[in-house]
Structure formats: C-alpha cells, structure tokens
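# Geometric and topological summary
One letter stands for each residue in the lines below.
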Amino acid sequence: MKTRKFWRNLTRVHKWAGLVLGVQLVLWFASGLFMSFFDIDKVRGDHLVQKRTWSLRMNEVASFDDTYGQYISDQENIQCHPRQRNACVLKRLQNVELMSALGTPVWEFDTGQHQVRYSGNPATLWSGLSEDSIRGAARSYYQGDAKISKAVLFTDKAPKDFRKSVPIWQVSFDDQSHTRLYISPFNGELVNVRTRLWRTFDFMWMLHIMGYQDRDNINTWWLKLFAAMALLFALSGVGLVTHRVFLRPRQR
C-alpha cells in the first residue's frame, strides 16, 4: 500500500508540475523561435547608422599646466564649486582625459566615482552640448532619409529601451523602424540604437529569461524556480515511465 501511495503521489506531482510549466514552456519555445530568426546586428540597428569621430580643434585646446594645474598642485585648498559640489572630488583624482565633444575640446577629471568636465578654453564647467548640436550629430550618424521627429534630454530616469545611466539624449526619427538614437550630452558619442525590432526582441528576451524588471539578469528567482520545477517534472516522468514499464506487476 505504501509503494502504491508513493507512485500515486508522484503521478500527482508530475501532473501539477506539467500544468504549471505548460504556459512557461510555450513562452520559452515561442520566444526562442522568434529570436532565432533575426541576425543580432540587424536587431541592434547597426545597418541604420554609421559611427564617426570628430577631431579636436587643437588651436582651442588650453594649456593644461597653465589652465588646470591649480586643480592638481593645490589639492589641499580646493573649494567646492557653488553650483556643482562634485568639483571638490578632484582631491581624489584618478584620471584626466582630453576628449572631443563634436570637435570641442573638453577635459574630464575622473575620481572613480564622479566625473567633472571643463571646456578646453576657457576653464569653465562643461554643461554639455546644445540640442542643435545633438540633432546635427544624430543626422550625421543616421543613414536613412527620415526626418527627426523629436529630441528629448533625459536627466532623472532612463527610457525603458535604454536602461543605462543618465543624462542621455534620445533622438527619434520618423521612419518605419521607429529608430531612436541615444547620444551622450557630454561628447556627442552615439551610445545605442533602438528600433521597433529591438524592442520586440527585448520583450521576447524578457519572457525567455524571466527577467521582468531589468531584463538583463539571467539569475532571477523566477527562472531558478521554473528550472527546478522543469527538472522535477522530467525526473518524475522518468520515474513513472520506469515504474510502469519495468517495475509494475503485469496483469495475467
């Protein structure tokens, strides 16, 4: 009786596990099938843009020693900027880099946790590129014929299809792919390309890895739970088949 009860309970576990897993299995297979049809370069929108660089106008680059040396040599007396407290983090300076903001020289001081930027000449805090400059950079990146529908600067929270640090410019084009270019406000660099295909692919990827929040974590508890249930379903099925084929007494 105990043996019969055990196999009866195992059959129930197998049935309930199959019922719970049924919907998720369909989502796994459907999302995996969808993603297998598209080349990843097309999903990323690489065919819609062409990245480029802008050379520095060296005649506008201020002398580092004369203009910025005070921030390095007189570290004990550095005062925080009245409108930007991050200026005082230069006392823990780790790296200094000269970068091109669409040709404009900008010095970036990095402490590992904060970045402070100054325009090349004069030594003033760099607030970022203007909207007109960002639109011009977007047109130079974009390889299609569509026009820009809007340009929005996100400073508090990143858009759902970006999921990186802000601030960031989002430039949208009026094309069939609903193309959006994400451009850095500090140097005009093209950070990401997003299209309608990418957003659909991203949704399918979310269903596939069950990452319903950030869509980047493949170690979610949902995925672990359903993977464990799938293993239980498979093992219980093997046990039931073994029992019914080899162990169960045959009727005369």
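Calculation rules
- Residues numbered from 1 in each chain as written.
- Predicted model: local features only at pLDDT ≥ 70, side-chain atom pairs only at ≥ 80, totals over all residues.
- Heavy atoms only, no water.
- Core = buried A, V, L, I, M, F, W, Y, C linked by side-chain atoms within 4.5 Å.
- Buried < 20%, exposed > 50% of the residue type's maximum accessible area, 1.4 Å probe, protein only.
- Helix = DSSP H or I, 4+ residues; strand = E, 2+ residues; numbered from the N terminus.
- Contact = heavy atoms within 4.5 Å.
- Pairing = 2+ DSSP bridges.
- Axes fitted to C-alpha atoms, helices over the stretch in contact; angles between N-to-C directions.
- Salt bridge = Lys/Arg side-chain N within 4 Å of Asp/Glu carboxyl O.
- Phe/Tyr/Trp six-rings, centres within 6.5 Å; stacked < 30°, edge-to-face > 60°.
- Expected span 1.5 Å × (residues − 1).
- Polar contact = N/O pair within 3.5 Å; in protein donor to acceptor, adjacent residues only side chain to side chain.

Our next topic: the nonpolar core. Of all hydrophobic cores here, the largest spans 23 residues; its most connected members are Ala138, Val171, Phe173, Leu181, Ile183 and Leu190. Contributing elements (two or more residues each) for this core: strand 1 (95-101), helix 4 (131-141), strand 4 (148-154), strand 5 (168-173), strand 6 (180-183) and strand 7 (190-194). For this core, the leading source of residues is helix 4, giving four residues. Apart from the residues within four sequence positions on either side, Phe173 is in contact with Ala138, Arg139, Tyr142, Ala146, Lys147, Ile148, Ser149, His178, Thr179 and Leu181.

Moving on, we come to the sheet that holds strand 4. Spatial ordering of the open sheet is given by 4-5-6-7, a layout of four strands whose pairing is antiparallel. A single partner strand is all that each edge strand has here, and the edge strands are strand 4 and strand 7. Looking at each pair of strands side by side, their axes are set apart by 20° on average, direction ignored. Bridge count between strand 5 and strand 6: four bridges; the pairing is antiparallel. Across the sheet, the residue bridging to Gln170 is Tyr182, located in strand 6.

With that out of the way, let us pick up the pattern of salt bridges. Evaluated as defined, the whole model comprises five salt bridges. Salt-bridge contacts for Glu108 lead to Arg117; the nearest nitrogen and oxygen are separated by 3.0 Å. In this structure Arg117 comes out as buried when scored by relative accessible area, which is 14%. Connected through salt bridges with shared partners, the residues Asp161, Arg180 and Arg199 form a single ionic network.

What follows concerns the environment of Arg139. Mapping Arg139 onto the fold places it in helix 4. Spatially, the C-alpha atom of Arg139 lies 9.5 Å from that of Phe173, the residues being 34 residues apart in sequence. When residues no more than four places from it in sequence are discounted, the contact partners of Arg139 are Ile148 and Phe173.

In this structure the tally under the stated criterion is six aromatic pairs. Both rings, one in Trp54 and one in Tyr141, keep their centres 5.7 Å apart while their planes meet at 85°; by these two values the pair is edge-to-face. Highlighted residues: Trp54 in the loop between helix 2 (40-44) and helix 3 (64-73) and Tyr141 in helix 4, separated in sequence by 87 residues. Assessed through its relative accessible area of 23%, Trp54 is described here as partly exposed. Judged by centre distance (4.0 Å) and plane angle (20°), the ring pair of Tyr142 and Phe173 falls under stacked. Separated by 31 residues along the polypeptide, Tyr142 in the loop between helix 4 and strand 4 and Phe173 in strand 5 bring together distant segments of the chain. Since its relative accessible area comes to 8%, Tyr142 is described here as buried.

Helical geometry note: an α-helix holds 3.6 residues per turn, so side chains three or four residues apart project in the same direction. For helix 5 (residues 196-209), built from 14 residues, the straight-helix expectation of 20 Å at 1.5 Å per residue is met to within 8% by its first-to-last C-alpha distance of 20 Å. Taken as a whole, helix 5 has its buried residues at Leu197, Trp198, Phe201, Asp202, Met206, Leu207 and Ile209. Two residues or fewer after helix 5 comes Met210, characterised by a positive phi angle close to 60°.

This part covers the side chain of Asn192. Of note, Asn192 is situated in strand 7. Here the side chain of Asn192 touches Lys164 through a polar contact of 3.1 Å, side chain to side chain. If we skip the residues at most four places from it in the chain, Asn192 touches Phe162, Lys164, Arg180, Leu181 and Tyr182.

The strand order across the open sheet formed by three strands is 1-2-3, and the pairing between neighbours is antiparallel. This sheet does not close on itself; its edge strands, each paired only once, are strand 1 and strand 3 (115-119). Neighbour to neighbour, the strand axes of the sheet diverge by 25° on average, direction disregarded.

Don't take any of this as a statement about function, it's just geometry.
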